[in-house]
Amino acid sequence: MRLPRTVVAVLGALALVTALPTSAGAAGGTLHYVNVNGDDFSTDNPVNGECYLLVSGAVHVDNGTDTTATVYADHGCEEPLGPPLAPFSARDFGAPVPHSVMFS
């Protein structure tokens, strides 16, 4: 009688493990940006809800992820700068330029 209970327990555990998302907390893809000095930067698979600093401010942001990105005028993701960038979209910025970004 122990074998059926063990099999049921193992199958139940396996079902739970395979049902969990593998990267629910990360945006899939890469954020690219060009700062005010013309330097290129990129971040792969950024974590959703984490604030990322855009070094020296960005004049061009390319959201190559599958998640919406909100850019901010400040360094702490508190002052949104325009509408969010949809997944796989890009935008150029003049003054003011964004200094941080967060994915959601």
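Residues numbered from 1 in each chain as written. Predicted model: local features only at pLDDT ≥ 70, side-chain atom pairs only at ≥ 80, totals over all residues. Heavy atoms only, no water.

On to the overall build of the protein. In terms of regular secondary structure, the protein is built from one helix and seven strands. Secondary structure of the protein in N-to-C order comes out as α-β-β-β-β-β-β-β. A burial count over the protein gives 28% of its 104 residues as buried. Looking at the protein alone, contacts between residues at least 24 apart form 57% of all its contacts between residues at least 6 apart. Accessible area for the protein stands at about 6,300 Å²; split by element, carbon and sulfur atoms hold 61% of it. (Helix = DSSP H or I, 4+ residues; strand = E, 2+ residues; numbered from the N terminus. Buried < 20%, exposed > 50% of the residue type's maximum accessible area, 1.4 Å probe, protein only. Contact = heavy atoms within 4.5 Å. Areas by Shrake-Rupley, 256 points an atom, 1.4 Å probe, with all protein chains shown as cover.)

Quick look at the packing of aromatic side chains now. Tallied over the entire structure, the rule returns two aromatic pairs. Measuring from centroid to centroid gives 6.5 Å for Tyr-52 and Phe-103, while their planes differ by 80°, and the two rings are edge-to-face. With Tyr-52 in strand β3 (residues 51–53) and Phe-103 in strand β7 (residues 100–103), the pair connects residues that are 51 residues apart, well separated along the chain. For the pair Tyr-52 and Phe-103, one class covers both residues: buried. (Phe/Tyr/Trp six-rings, centres within 6.5 Å; stacked < 30°, edge-to-face > 60°.)

On to the state of the cysteines, then. The tally for this structure, following the rule as stated, stands at one disulfide. Between the sulfur of Cys-51 and that of Cys-77 lies a disulfide, 2.1 Å long from S to S. Taking the torsion about the sulfur-sulfur bond, which here is approximately 90°, the covalent link between Cys-51 and Cys-77 counts as right-handed. One end of the pair, Cys-51, is in strand β3; the other, Cys-77, is in the loop between β5 (69–72) and β6 (89–92), and 26 residues separate them in sequence. Taking the relative accessible area as the measure of exposure, Cys-77 reaches 10% and is therefore buried. (Disulfide = S-S within 2.5 Å.)

Tracing the backbone shows Asp-74 in the loop between β5 and β6. No salt bridge is formed by the buried Asp-74; the nearest opposite charge belongs to Arg-91, separated by 14 Å. Looking at Asp-74, its side chain comes within polar contact range of the main-chain nitrogen of Gly-76, at 2.9 Å. Apart from the residues lying within four places of it in its own chain, the contact partners of Asp-74 are Glu-79, His-99 and Ser-100. (Lys, Arg positive; Asp, Glu negative; His and termini not counted. Salt bridge = Lys/Arg side-chain N within 4 Å of Asp/Glu carboxyl O. Polar contact = N/O pair within 3.5 Å; in protein donor to acceptor, adjacent residues only side chain to side chain.)

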